[in-house]
Amino acid sequence: MTDQACDGMIIHPCVDADAVAQFAATAVIEAAGAAIAARGVFHWALAGGTTPKRCYELLREADIDWPKVHIWFGDERCLPVGDAERNDLMADKALLNHVPIPPMQIHRMDAELGPEVAAKQYEALLAAVPVMDLILLGMGEDGHTASLFPGNPALEDQRLAVPVYNSPKPPLERVSMGYAVLNAARRCLIMVAGAGKADAISRIQNGTRLPVARVQGCEWLIDREAAGNRIV
Ligand code: 6PG
């Protein structure tokens, strides 16, 4: 399968979820090597949810100069530290507990403090970093990404980190990177796998500007199930 440009979307068709994970892991290794060679540091924002888990597991053995990596989070659920549903816990178990990144370089969202306080604190951290070298994102079945959901006021919040209320995907309260950060990344990959995502992909390709489609210049890793029959 060849890479495709479809209505401005840069699409890397993948045969299945594992191929999505493999492609993303390779991209992380490439981006880390380039960033560290150029600037001595790699700023990498992780996606939450379940799709990225395999990618993170594949990176446990990767040849990356981990002490020069700074980890950020695209979003976090307002749950207690250590809660099984937190995005940072998934990342810890899949990767961060297995590689030597200095804890001070893992920039967690203090989402347990609530959306407004956590967003303010994270915005102050993000303000010190000119740009993310790589951002990984997922996409929900409604076309959300990070914690930017259709029709939610957070979509229009211009801050670097935004509070999210009334999320349709539990929990109700979250913190998310805003488009100001997502759209400034040197490279951004959106990982989409599974038949449940096919409707949102179809709507985006038909021109519906779902929240994920407002991330500019990103590359789409889409497996066959999510692509339906539109991408060979
Ligand atoms: C979250 C994620 C969210 C996720 C999508 C896709 O907190 O739930 O940040 O944006 O990436 O909902 O989730 P799956 O990968 O589990 O389908």
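Source: prediction; values computed, not measured.

A.B. asks: Got a minute to help me understand unusual backbone geometry in this structure?
C.D. replies: Across residues other than glycine, the phi torsion is negative in most instances, and most of the peptide bonds are trans. Pro 171 follows Pro 170 through a cis peptide bond whose omega is -5°. Checked against the element boundaries, Pro 171 lands in the loop between β7 (161–164) and β8 (174–177). Of note, Ala 146 is a non-glycine position whose phi angle comes to about 50°, a positive value. The residue Ala 146 is located in the loop between β6 (134–138) and β7 in this model. A residue is classified by how much of its surface remains accessible, and Ala 146, at 14% relative accessible area, is buried. In this model, Asn 166 sits at a positive phi of 60°, which is unusual for a non-glycine residue. As for its placement among the helices and strands, Asn 166 is situated in the loop between β7 and β8.

A.B. asks: I keep staring at the site of the ligand and nothing clicks. Help me out?
C.D. replies: Taken together, 16 residues lie around the ligand, and Thr 50, Thr 51, Arg 77, His 144 and Ala 146 are the ones closest in. Between Gly 48 and the ligand, the recorded distance is 3.5 Å, taken from a backbone N or O atom to an oxygen atom. In the model, an oxygen atom of the ligand is placed 2.8 Å from a nitrogen or oxygen of the Lys 197 side chain. Expressed as a share of its isolated accessible area of 420 Å², the protein-covered part of the ligand is 92%. Spatially, the ligand is embedded in the largest pocket. For the shell around the ligand, a count of residues per class yields two nonpolar, nine polar and five charged.

About the cut-offs
Residues numbered from 1 in each chain as written. Predicted model: local features only at pLDDT ≥ 70, side-chain atom pairs only at ≥ 80, totals over all residues. Heavy atoms only, no water. Helix = DSSP H or I, 4+ residues; strand = E, 2+ residues; numbered from the N terminus. Buried < 20%, exposed > 50% of the residue type's maximum accessible area, 1.4 Å probe, protein only. Near = heavy atom within 4 Å. Polar contact = N/O pair within 3.5 Å; in protein donor to acceptor, adjacent residues only side chain to side chain. Areas by Shrake-Rupley, 256 points an atom, 1.4 Å probe, with all protein chains shown as cover. 1 Å grid on protein atoms, 1.4 Å probe; cavity = no way out; pocket = protein on both sides within 12 Å on 5 of 7 lines; lining within 4 Å. Sits in = over half its atoms within 2 Å of the grid points. Nonpolar A, V, L, I, M, F, W, Y, C, P; charged D, E, K, R; others polar.

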